[in-house]
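If you want the building blocks of each chain, they are given just below.
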Amino acid sequence: MAVCIAVIAKENYPLYIRSTPTENELKFHYMVHTSLDVVDEKISAMGKALVDQRELYLGLLYPTEDYKVYGYVTNSKVKFVMVVDSSNTALRDNEIRSMFRKLHNSYTDVMCNPFYNPGDRIQSSRAFDNMATSMMMQVC
């Protein structure tokens, strides 16, 4: 079960951040922003191979005692970061990958909206928000 989902723009500012336990919201914001360094390291390590590669999933960025942080980057360098509870051992890597694909598809739908200005925060998309909420409520 995801406890925090974030969409980060190419310039590393948040387009969307949602977390379930609201009392730890600042902690999750911090985890998301610290994971951006790891995302940048992984992207630069892949170099130009990332352009040719179709795999956008970065995998486990870093584990903490209570949470695991996973990453995904689009072709346009928009980053998706998901914080997952470490106690959920039933969650496999391919399930995380499919969750990121759903998130990417939903983000693409937001971008296709003619009333959305690219680079603005994702606030008015009820479908995107419902999909992110369902991913956080979902117990795998």
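Details of the structure are given in the entry above.
Residues numbered from 1 in each chain as written. Predicted model: local features only at pLDDT ≥ 70, side-chain atom pairs only at ≥ 80, totals over all residues. Heavy atoms only, no water.

Participant: Break down the sheet that holds strand S2 (residues 14-19) for me, citing the residues and quoting the values.
Facilitator: Strand order across the open sheet formed by 5 strands is S2-S1-S5-S4-S3, with antiparallel pairing between neighbours. Only two strands of the sheet have a single neighbouring strand rather than two, namely S2 and strand S3 (57-63). Averaged over neighbouring strand pairs, the angle between their axes works out to 15° when direction is ignored. Two strands pair when backbone bridges link them, and strand S4 (residues 67-73) and strand S5 (residues 79-85) are joined in this way by 7 bridges, in the antiparallel orientation. Its bridge partner being in S5, Val73 is matched across the sheet by Lys79. Strands in contact with helix H3 (residues 93-111) are strand S1 (2-8), S2, S3, S4 and S5; relative to S5, the strand with the most contacts, it is inclined by about 140°. (Pairing = 2+ DSSP bridges. Helix = DSSP H or I, 4+ residues; strand = E, 2+ residues; numbered from the N terminus. Axes fitted to C-alpha atoms, helices over the stretch in contact; angles between N-to-C directions. Contact = heavy atoms within 4.5 Å.)

Participant: Please provide a residue-by-residue account of the pairing of S4, values included.
Facilitator: Among the 7 residues in S4, 6 count as buried, and that is most of the element. Two elements, S3 and S4, share 5 bridges in a ladder whose sense is antiparallel. Looking at the pairing, Pro63 lines up with Lys68 of S4. Between S4 and S5, which follow one another and run antiparallel, lie 5 residues, and Lys77 among them has a positive phi close to 70°. (Buried < 20%, exposed > 50% of the residue type's maximum accessible area, 1.4 Å probe, protein only.)

Participant: Talk me through the side chain of Thr74; I want residue IDs and the actual numbers.
Facilitator: When you line up the elements, Thr74 lands in the loop between S4 and S5. Among the polar contacts made by the side chain of Thr74, one reaches the side chain of Ser76 at a distance of 3.1 Å. Excluding anything up to four places from it in sequence, Thr74 contacts Leu56, Phe80 and His104. (Polar contact = N/O pair within 3.5 Å; in protein donor to acceptor, adjacent residues only side chain to side chain.)

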